[in-house]
Amino acid sequence: MHKLKDSQLLKCCSYINGSWHSSDSQFDVLNPASGAVVAVVSNAGAPETELAVRSAKAALAMWSAKSANERAVLMRKWFDLMMENQDDLSRILTLEQGKPLGEAKGEIAYGAAFIEWFAEEGKRVYGDIIPSAAGDKRILVFKQPVGVVASITPWNFPNAMIARKAAAALAAGCTFVVRPAAQTPLSALAMAELAERAGIPAGVFNVVVGEDARGMGKVLTQHPDVAKFTFTGSTAVGKSLIAQCASTVKKVSMELGGNAPFIVFDDADIDAAVQGAIDSKYRNAGQTCVCTNRIFVQQDVLEQFTDKFTMAVAKLTIGNGLDGAQIGPMITSSAVSDVEKLVADSIAAGATVIFGGKRDPAGENFYQPTILTNVTNDMPIAANEIFGPVSPIISFTDEAEVIALANSTEYGLASYFYSRDIGRIWRVSERLEFGMVGVNEGIISNPAAPFGGIKQSGSGREGSKYGLDDYLEIKYVCIGGLNK
Ligand code: NAP
């Protein structure tokens, strides 16, 4: 039915301690493009989550005792299997999430790249020897795995949000439990199937799928055997999960929401800026945390940019992601309603729709790529994370003004600007209060770079050597009595 080359990749039960667990109840996974049932999945809950944590704890001594090289061999095999099965994995991803097949293929390669990269980086977990003030003492620093890592991930990148966390955790010698969003459990389960085929031992990588986010989340955030909790999702849910982690003082990493500014200065290459805005706004129908949320254009180039951008947006095709469309469905009808409301409230506040602005006839979950002008930074469309294919354009006159506007948000994840003035590039890069800045570039994430936010966009980094540190504890060893 799903035209997979390997039908064994479509799994419908949680993967705990190296085996597949069915539960008494089940839930449907729906295709957001059509509403059709893609799969019926066993509905795990808190007891299965508890079992997964216990399994991860039991496997920890064995996995952390392996050398980084031994772990890298298994992880490399996992990476190879993901790439060998890229077509099937992307098909499963598009069926449950809706994004265009080409983007889904990109996500599989992106997720797999983290596994490959961290497998190698795990070999470079260096300690330290620090000169001591006392001649008869030595100061040593060890870096050791934090222990069992628990995570909760969202539906918008059903593969990569897991791979980014699991790759660093496993490379560091930690064991891992993930509870993916109930809308998109199938990509996570396919990853588990391939982890098993790669020879990753039972208990090291566990996936629990179920609808009881709250109950499962309580286990993952409060279980004493979980040493670290890592979450990707909305800021509101992240805040409540941080509070839950307090009772056992867990190490916590949070990848939360964003409100990315995209600034076009009057010295920018306008064609490049248009392409960057398309890339950073309309990927995944605008449902990424690093999506451009507010486009600021300097007054002198406002008309030129808006005209060219509108022409580019008009070329985007909308439809089922399996049929070659560039804009797929949004995840649910209520997500579309949220975007409709933001647009309507902003029109009421004075914004003008110059392109799109409606649900699309392609289906209930489709919203047209949309452009709004005459927007101000305090309108709902600019003040909130849109999470849909809408571009609000805001004009500005000078650099100081736009930096203040861009920074006036509680979020601090991604930001972008286009300029060819080297002085401005340094100044603006330093003054934007965001964890990531794309300069003349709309796609910035890769495994070697530290992905993450400041302010209420979260804490911790994924990818890069800093991402590995998030899964390591520092231990100080003082050796004394060395003098004869
Ligand atoms: P969400 O509502 O916060 O959900 C994210 C995950 O948390 C899902 O697995 C969800 O499960 C689960 N969840 C919800 N309420 C929970 C609770 N009380 N206890 C435990 N788990 C709970 O976020 P979303 O709307 O699905 O995802 C979009 C958000 O994620 C956006 O704000 C986006 O910016 C952010 N995001 C951030 C990054 C980043 O790297 N910074 C990357 C991607 C997305 P169910 O879905 O099954 O309810």
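Cut-offs and rules
Residues numbered from 1 in each chain as written. Predicted model: local features only at pLDDT ≥ 70, side-chain atom pairs only at ≥ 80, totals over all residues. Heavy atoms only, no water. Near = heavy atom within 4 Å. Polar contact = N/O pair within 3.5 Å; in protein donor to acceptor, adjacent residues only side chain to side chain. Areas by Shrake-Rupley, 256 points an atom, 1.4 Å probe, with all protein chains shown as cover. 1 Å grid on protein atoms, 1.4 Å probe; cavity = no way out; pocket = protein on both sides within 12 Å on 5 of 7 lines; lining within 4 Å. Sits in = over half its atoms within 2 Å of the grid points. Helix = DSSP H or I, 4+ residues; strand = E, 2+ residues; numbered from the N terminus. Domains from an automatic or database assignment. Contact = heavy atoms within 4.5 Å. Buried area = accessible area lost by both parts, 1.4 Å probe. Salt bridge = Lys/Arg side-chain N within 4 Å of Asp/Glu carboxyl O. Buried < 20%, exposed > 50% of the residue type's maximum accessible area, 1.4 Å probe, protein only. Pairing = 2+ DSSP bridges. Axes fitted to C-alpha atoms, helices over the stretch in contact; angles between N-to-C directions.

Colleague: In this structure, what is going on with the site of the ligand? I would like to understand it.
Modeller: Among the 28 residues in the neighbourhood of the ligand, the closest are listed as Thr-153, Trp-155, Ser-234, Leu-256 and Glu-385. With respect to the ligand, the side chain of Ser-234 contributes an N or O atom lying 2.6 Å from an oxygen atom. Interatomic distance of 2.8 Å between a backbone N/O atom of Leu-256 and a nitrogen atom of the ligand. About the coverage of the ligand: the protein hides 86% of its 900 Å² of free accessible area. When each cavity is represented as a set of grid points, the ligand is found to reside in the largest pocket. Those elements that place two or more of their residues in the shell around the ligand are helix H5 (160-172), helix H7 (213-222), strand E10 (226-232) and helix H8 (235-245).

Colleague: Can you walk me through the domain arrangement of the protein chain in this structure?
Modeller: Quoted interface sizes are often the accessible area lost when the parts come together. For the protein chain, the assigned domains are domain 1 (7-256 + 472-476) and domain 2 (260-440). The distance between the C-alpha centroids of domain 1 and domain 2 comes to 31 Å. Counting residues at the interface gives 19 residues for domain 1 and 21 residues for domain 2. For the domain 1 and domain 2 pair, buried surface summed over both sides reaches about 1600 Å², with 61% attributable to carbon and sulfur atoms. For the domain 1 face of the interface with domain 2, the top three residues by lost area are Pro-32, Ala-33 and Trp-155, together amounting to 28%. Connecting domain 1 to domain 2 are zero salt bridges.

Colleague: How do you make sense of H8 when you look at a structure like this?
Modeller: Of all the residues in H8, the buried ones are Thr-235, Gly-238, Leu-241, Gln-244 and Cys-245. Buried positions along H8 lie against strand E7 (148-152), H7, E10 and strand E11 (251-255).

Colleague: I'm lost on the sheet that holds strand E20 (residues 472-479) in this one. Help?
Modeller: Read from one edge to the other, the open sheet built from three strands follows the order E5-E6-E20, with strand pairing classed as antiparallel. Strands with a single pairing partner mark the edges of an open sheet, and in this sheet they are strand E5 (128-130) and E20. For this sheet, the mean angle separating the axes of adjacent strands, direction not counted, is 25°.

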